[in-house]
Amino acid sequence: MGLDLLIPFGILLILVIYLIYTRNNFEKNIVSLYEKKFDEWKKHSTIEVEKTSHKELVGLVFKTDYKINIELLDENIESQLKRGKFEVSNLKDS
């Protein structure tokens, strides 16, 4: 009686081991495939660096009597001032 049940359980055990083994191989193949695809994607993708504008202190503006004085901290800006490449904005809006 014990021998009669031993054969189906042996077949079942061999089947389970086979299915686990094939599942592990399948998962390894899928992971390696996706890793290869990811490496190819990294080679062909371009990374865009977002260029943002920022304010930089380049000079100070003073008013003495009725005259405006501009003291520059960066001498490269003088040509832009002479060409009129600046914008005036009010910080104090009432």
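For the structure, check the block above.
All of these numbers come straight from a predicted model, not from anything done at the bench.

J.: Help me out: how do you make sense of the packing of aromatic side chains in this one?
T.: Given two aromatic rings, their pairing is described by the distance between the two centres and the angle made by the two planes. Counted according to the given criterion, the structure contains 1 aromatic pair. Arranged with centres 5.8 Å apart and planes meeting at 20 degrees, the rings of F38 and W41 form a pair that is stacked. With a gap of 3 residues between them, F38 and W41 both fall in helix α1 (residues 2–44), about one helical turn apart. Overall, F38 belongs to the partly exposed group, its relative accessible area being 44%.

J.: Mind showing me how you'd approach the pattern of salt bridges here?
T.: Oppositely charged side chains can form a pair if their charged atoms are brought close together. The tally for this structure, following the rule as stated, stands at 3 salt bridges. The partner of E27 in a salt bridge is R23, and the shortest N-O contact between them spans 2.9 Å. Remark: R23 and E27 occur in helix α1; sequence separation between them is 4 residues, near one turn of the helix. For R23, a relative accessible area of 53% gives the class exposed. Here D39 makes a salt bridge to K42, at a shortest N to O gap of 3.8 Å. You can see D39 and its partner K42 sitting in helix α1, 3 residues apart, about one turn around the helix. On the basis of relative accessibility, which here comes to 40%, the residue D39 falls in the partly exposed class. Using a relative accessible area of 46% as the deciding quantity, one classes K42 as partly exposed.

J.: Would you mind going over unusual backbone geometry with me for this structure?
T.: Trans peptide bonds make up the majority, and among non-glycine residues the majority have a negative phi. Positive phi, normally seen in glycine, also occurs at D65, with a value near 55 degrees. Within the secondary structure, D65 sits in the loop between β1 (59–64) and β2 (67–72). Residue classification places D65 among the exposed residues on the basis of a relative accessible area of 67%.

What counts and how
Residues numbered from 1 in each chain as written. Predicted model: local features only at pLDDT ≥ 70, side-chain atom pairs only at ≥ 80, totals over all residues. Heavy atoms only, no water. Phe/Tyr/Trp six-rings, centres within 6.5 Å; stacked < 30°, edge-to-face > 60°. Helix = DSSP H or I, 4+ residues; strand = E, 2+ residues; numbered from the N terminus. Buried < 20%, exposed > 50% of the residue type's maximum accessible area, 1.4 Å probe, protein only. Salt bridge = Lys/Arg side-chain N within 4 Å of Asp/Glu carboxyl O.

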